[in-house]
Amino acid sequence: RQQGGRGVGRYSTVIPIITPVIDFRVAEMVLEAMEHIPGDDVTMLLHTQGGCVMSCVMIANGLRKFASSTAVVPYMAISGGTLIALNARRLEMGRNASLSAVDPIVAGVRVKHMPEDSKDTSVLRAREYQRAIEDYLETTLAARQGPSPPLGLVDKAMERFMGDHGPHEWPISITEVGQLGIPVESASSRWANLVDDYRRRWWP
């Protein structure tokens, strides 16, 4: 069966995460849905601006455990949404869809913009998030790009998805995703129709 609420479908092999912000409550609902999926196949439909780092990583960890997993992005999966999408074994994107950088933002500030020599506890904690996300992204890309990616491609993908040379939300298109060595396919328009229906029902 499937239930809808706040843009998260439950108890189905398709889990829609159609919500502006992925917070702890959304993570709870998604993890519950994954726990009750029969078999080892899941499709995650993403339309989000991202959200809590911990919540997005927990969802991504759950995806990693499925033998067969697909992330579908008809329009956008920004920030933490990108991190989730990259952890599926298969990625599908709409022709105008975008991913983005995944570097953490703490208290509205990109960690990379915080003072290097600060001893402030909040800054030190933010830097822990930065290092953790870098490590997590590296293992994610290694799984997506395969065992022998072209020389320099891993570094290029790391720079792009850590936002080294652009704004955090700057769009990464389906073409660029492929150029970064991540297998990606075109998503059917039926997924966009499903997102449209959810948005009309749940988004103000």
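Everything in this summary refers to the structure shown in the same document.

The rules behind each value
- Residues numbered from 1 in each chain as written.
- Predicted model: local features only at pLDDT ≥ 70, side-chain atom pairs only at ≥ 80, totals over all residues.
- Heavy atoms only, no water.
- Helix = DSSP H or I, 4+ residues; strand = E, 2+ residues; numbered from the N terminus.
- Expected span 1.5 Å × (residues − 1).
- Contact = heavy atoms within 4.5 Å.
- Salt bridge = Lys/Arg side-chain N within 4 Å of Asp/Glu carboxyl O.
- Buried < 20%, exposed > 50% of the residue type's maximum accessible area, 1.4 Å probe, protein only.
- Pairing = 2+ DSSP bridges.
- Disulfide = S-S within 2.5 Å.
- Core = buried A, V, L, I, M, F, W, Y, C linked by side-chain atoms within 4.5 Å.
- Axes fitted to C-alpha atoms, helices over the stretch in contact; angles between N-to-C directions.
- Parallel < 35°, antiparallel > 145°, perpendicular 65-115°, else oblique.
- Left-handed = near helix turned anticlockwise from the far one by under 90°.
- Nonpolar A, V, L, I, M, F, W, Y, C, P; charged D, E, K, R; others polar.
- Polar contact = N/O pair within 3.5 Å; in protein donor to acceptor, adjacent residues only side chain to side chain.

### Observations concerning helix H7 (residues 189-202)
The first and last C-alpha atoms of H7 sit 20 Å apart over 14 residues, in line with the 20 Å expected at 1.5 Å per residue. Elements that come into contact with the buried residues of H7 comprise strand S1 (14-18), strand S2 (41-47), strand S3 (68-73) and strand S4 (90-93).

### Some thoughts on the pattern of salt bridges
Considering all chains together, one arrives at seven salt bridges under this definition. With its nearest N and O atoms 3.1 Å apart, the salt bridge here joins Glu92 to Arg90. Judged by its relative accessible area of 11%, Glu92 falls in the buried class. The class of Arg90 is partly exposed, set by a relative accessible area of 37%. Each of Arg90, Glu92 and Glu185 takes part in a single network of salt bridges with overlapping partners.

### Quick look at the sheet that holds S3
On the basis of which strands lie adjacent, the open sheet formed by five strands has the order S1-S2-S3-S4-S9 and parallel pairing. Looking at strand neighbours, the two that pair on one side only are S1 and strand S9 (185-186), the edges of this open sheet. Pairing of S3 with S4 involves four bridges; the strand directions are parallel. Counted as the bridge partner of Thr70 is Arg90 from S4.

### Things to note about the state of the cysteines
Put plainly, two cysteines are in a disulfide when a covalent bond ties their sulfur atoms together. For the structure on display, the rule yields zero disulfides. Cys56 takes part in no disulfide bond, and the closest cysteine sulfur, belonging to Cys52, lies 6.8 Å away.

### Quick notes on the nonpolar core
Counting residues in hydrophobic clusters, the biggest one holds 44 residues, and the most contacted among them are Met44, Leu99 and Phe161. The residues touching Met44, leaving out its near neighbours within four places in the chain, are Ile15, Ile17, Val30, Met34, Ile59, Leu63, Thr70, Ala71, Val72 and Ile84.

### Quick notes on the packing of helix H4 (residues 121-145) against helix H5 (residues 153-161)
One way to put it is that H4 packs onto H5 with a least axis distance of 10 Å and a crossing angle of 130°. The angle between H4 and H5 falls in the class oblique. Here H4 and H5 pass one another in a crossing that is right-handed. For the pair H4 and H5, contact is made by Glu134, Leu137, Glu138, Leu141 and Gln145 and by Leu153, Val154, Ala157, Met158 and Phe161, respectively. Looking at the contact of H4 with H5 residue by residue, the class counts come to seven nonpolar, one polar and two charged.

### Describing the side chain of Asn87
With respect to the helices, strands and loops of the structure, Asn87 is situated in the loop between helix H3 (80-86) and S4. Looking at Asn87, the relative accessible area reads 2%, which means it is buried. Polar side-chain contacts of Asn87 include one of 3.2 Å to the side chain of Thr140. Leave out the neighbours within four places in its chain, and Asn87 touches Ala60, Leu63, Arg64, Ser69, Tyr136, Thr140 and Arg144.

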